[in-house]
Number of protein chains: 2
Amino acid sequence: MSVVTIPARRGKAARVRAGQHIRVVNTPGTQVVDAWAFNANDLTEWMAMEASRAWFMKLRATVGDTFLTNQRRPILTLVEDTSGGAHDTLMAACDLPRYRLLGVEGHHDNCRDNLHAGLAALGISVPATPSPLNLFMNIPWTADGILAWAEPVSPPGTYTVFRAEMDLVVAFSACPQDILPINGRTGRTTEAHFTIE
Amino acid sequence: MSVVTIPARRGKAARVRAGQHIRVVNTPGTQVVDAWAFNANDLTEWMAMEASRAWFMKLRATVGDTFLTNQRRPILTLVEDTSGGAHDTLMAACDLPRYRLLGVEGHHDNCRDNLHAGLAALGISVPATPSPLNLFMNIPWTADGILAWAEPVSPPGTYTVFRAEMDLVVAFSACPQDILPINGRTGRTTEAHFTIE
């Protein structure tokens, strides 16, 4: 068991065997980590937020909830969470067209590229960018269904632990969003860490 | 302008030019219609609920809101809606594995197959099943983020109108869900209709 660094504004992927635990640590408490998971034996089967919400029947998972794939099979179960639970299932991973809409010209690091670069480092490519599980990302809703990009609420040193329900490839991106306040109002983006246990 | 029938429990797709309007009619008021849209010139670009929510910042679109693709480009704008607005963006299209989880053995009609069959009738195939826009499907949420499969609330004869923001292929499925109450407690599933105007 060794600690793997997700470098600031970059992605990192790893192979995980069924039954292993994945601990994702957010040392400053303010760093959003986009997460994806793929069936190691069929990369067209992936963790799907739309299938997961239809299974646990919540906008946000809580401890004990299992995420499903696009084939409705269990892939990750949330087994521990010290963050307070603000993990978003609603929003797309940031990507270059998104930063264009936010007024950025030229290059901007983004979670979509980070996903594919992290997988490429393992020799893997996938045919789409699934909607991610946005760990530590605080997207509140109102009774009328209005959403907001809110500041993080996770305490420093916060972590989540997932159990792998199949042999899988997990991918993370330390979100480089520095325009909206989801990584804090300072726009500071940092590294994060995970361990396979 | 002719009325196209989406047969009960089946799918239907059509080509639409930028600027045309698509009217989707729910004659009984109780029939959920899953909807997808694809860029006619690049079928890997599709209407994405996760990008759309991040743009209009709501769980449900209201009149004037524009849905975005997975490339963050406008694809459909909701321009008229007599339904009361209960259109779900959260739930995956029903599929055979979903009906297995609901206890069904053997075949069950499902929206995923309907999407691909509807496209196939136009000679089109797509590499994934995007999360659909579930028209007339009533998925309420609580302050705590708990979701429910609720009965339909659209009045009979209800309709929605969308403006196409690019040349696109639209696909609809008259949802065959007869176990959960989203098409009403009777489990009756019916045809629906659309026109390209």
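Residues numbered from 1 in each chain as written. Chains lettered and ligands numbered in written order. Predicted model: local features only at pLDDT ≥ 70, side-chain atom pairs only at ≥ 80, totals over all residues. Heavy atoms only, no water.

## Focus on the pattern of salt bridges
Inclusion rule: In the sections that follow, a salt bridge refers to a side-chain nitrogen of Lys or Arg positioned within 4 Å of a carboxyl oxygen of Asp or Glu. In this description a helix means any DSSP run of H or I spanning at least four residues, a strand means any run of E spanning at least two, and both kinds are numbered starting from the N terminus. Buried means the residue's accessible area, taken with a 1.4 Å probe over protein chains only, is under 20% of the maximum for its type, while exposed means over 50%, and partly exposed covers the values in between.
Throughout the structure, instances matching the rule amount to 20 salt bridges over all chains. Across the salt bridge formed by B:Asp95 and B:Arg112, the nearest N and O atoms sit 3.7 Å from each other. One end of the pair, B:Asp95, is in the loop between β7 (74–81) and α2 (96–101); the other, B:Arg112, is in helix α3 (residues 111–120), and 17 residues separate them in sequence. Take B:Asp95 and B:Arg112: they sit in the same class, and that class is buried. Three or more residues joined by partner-sharing salt bridges are found here, namely A:Arg9, A:Arg10, A:Asp109 and A:Asp178.

## Quick word on the confidence of the model for chain A
This is how the line gets drawn: pLDDT measures how confident the predictor is about each residue, on a scale from 0 to 100.
Of all residues in chain A, 99% attain a pLDDT of 70 or more, and the chain-wide mean is 97. Taken over the whole predicted complex, pTM reads 0.97, whereas the ipTM for its chain interfaces reads 0.97.

## A word on the interface of chain B and chain A
Definition in use: Pairs of residues are marked as contacts when any of their non-hydrogen atoms sit within 4.5 Å. The term buried area denotes the loss of accessible surface (1.4 Å probe radius) that occurs when two parts are joined, taken as the sum for both partners. Nitrogen and oxygen atoms within 3.5 Å of one another constitute a polar contact, given that in protein one can donate a hydrogen and the other can accept it, and given that sequence-neighbouring residues count only through two side-chain atoms.
If you look at the interface, chain B gives 34 residues, while chain A gives 34 residues. Approximately 2,900 Å² of surface area, both sides summed, lies buried where chain B meets chain A, with 60% of it carried by carbon and sulfur atoms. Of all residues in chain B, B:Glu50, B:Met57 and B:Arg72 give up the largest surface area on contact with chain A, accounting jointly for 24% of the area buried on that side. The tally of links from chain B across to chain A stands at two salt bridges. Two residues, B:Asp95 and A:Arg72, come together in a salt bridge whose shortest N-O distance is 3.0 Å. Where chain B meets chain A, there are 18 residue pairs in polar contact (both at pLDDT 80 or more). Elements that contribute at least two residues to the side of chain B that touches chain A include exactly α1 (49–56) and α2 of chain B. Looking at the side of chain B that touches chain A, the element that brings in the most residues is α1(B), giving five residues.

## Things to note about the sheet that holds strand β3 (residues 21–26) of chain B
All names here are of chain B. Selection criterion: By this definition, two strands are paired if DSSP reports at least two bridges between them. Angular values range over 0 to 180 degrees, each being the angle between N-to-C directions of two axes fitted as lines to C-alpha atoms, with helices fitted over their stretch in contact.
Read from one edge to the other, the open sheet built from six strands follows the order β1-β11-β3-β9-β7-β6, with strand pairing classed as antiparallel. Each having just a single partner strand, β1 (3–6) and β6 (66–68) make up the two edges of the open sheet. Neighbour-to-neighbour, the strand axes of the sheet open up by a mean angle of 25°, direction not taken into account.

## Topic: the sheet that holds strand β7 (residues 74–81) of chain A
All names here are of chain A. As summarised here, the arrangement of the six strands in space is β1-β11-β3-β9-β7-β6, forming an open sheet in which the pairing is antiparallel. One side of each edge strand has no neighbouring strand; the edge strands of this open sheet are β1 (3–6) and β6 (66–68). Sheet twist, expressed as the mean angle between neighbouring strand axes with direction ignored, is 25°. When strand β3 (residues 21–26) meets strand β9 (residues 158–164), the two strands line up antiparallel, connected through six bridges. Bridged to Asn 26 within β9 is Thr 158.

## A short note on the relation of the copies chain B and chain A
Counted only if it meets this: Superposition of the copies was done by least squares, using only C-alpha atoms of residues whose pLDDT is at least 70 in both.
Superposing chain B onto chain A takes a rotation of 180° plus a shift of 0.0 Å along the axis, which leaves an RMSD of 0.0 Å. Look at the turn and shift together and you get a two-fold axis relating the two. Considering only C-alpha atoms, the residue of chain B closest to the rotation axis is B:Ala143, which sits at 3.1 Å. Both copies contact each other with a shared surface, as 97% of the interface residues of chain B are interface residues in chain A too.

## Description of the pairing of strand β4 (residues 33–39) of chain B
Residue and element names in this part refer to chain B. For β4, the tally of buried residues reaches seven of seven residues, placing the bulk of the element in the interior. Neither face of β4 is left uncovered, since the one carrying Val 33, Ala 35, Ala 37 and Asn 39 and the one carrying Asp 34, Trp 36 and Phe 38 both have all their residues buried. Of the pairings in the sheet, the one linking β4 to strand β8 (residues 133–135) comprises three bridges and is antiparallel in character. Among the inter-strand pairings, Ala 35 is bridged to a residue of β8, identified as Leu 133. Of the pairings in the sheet, the one linking β4 to strand β5 (residues 42–46) comprises two bridges and is antiparallel in character. Residue pairing across strands places Phe 38 opposite Trp 46, the latter belonging to β5. Connecting β4 to the antiparallel partner β5 that follows it, the hairpin turn spans two residues.

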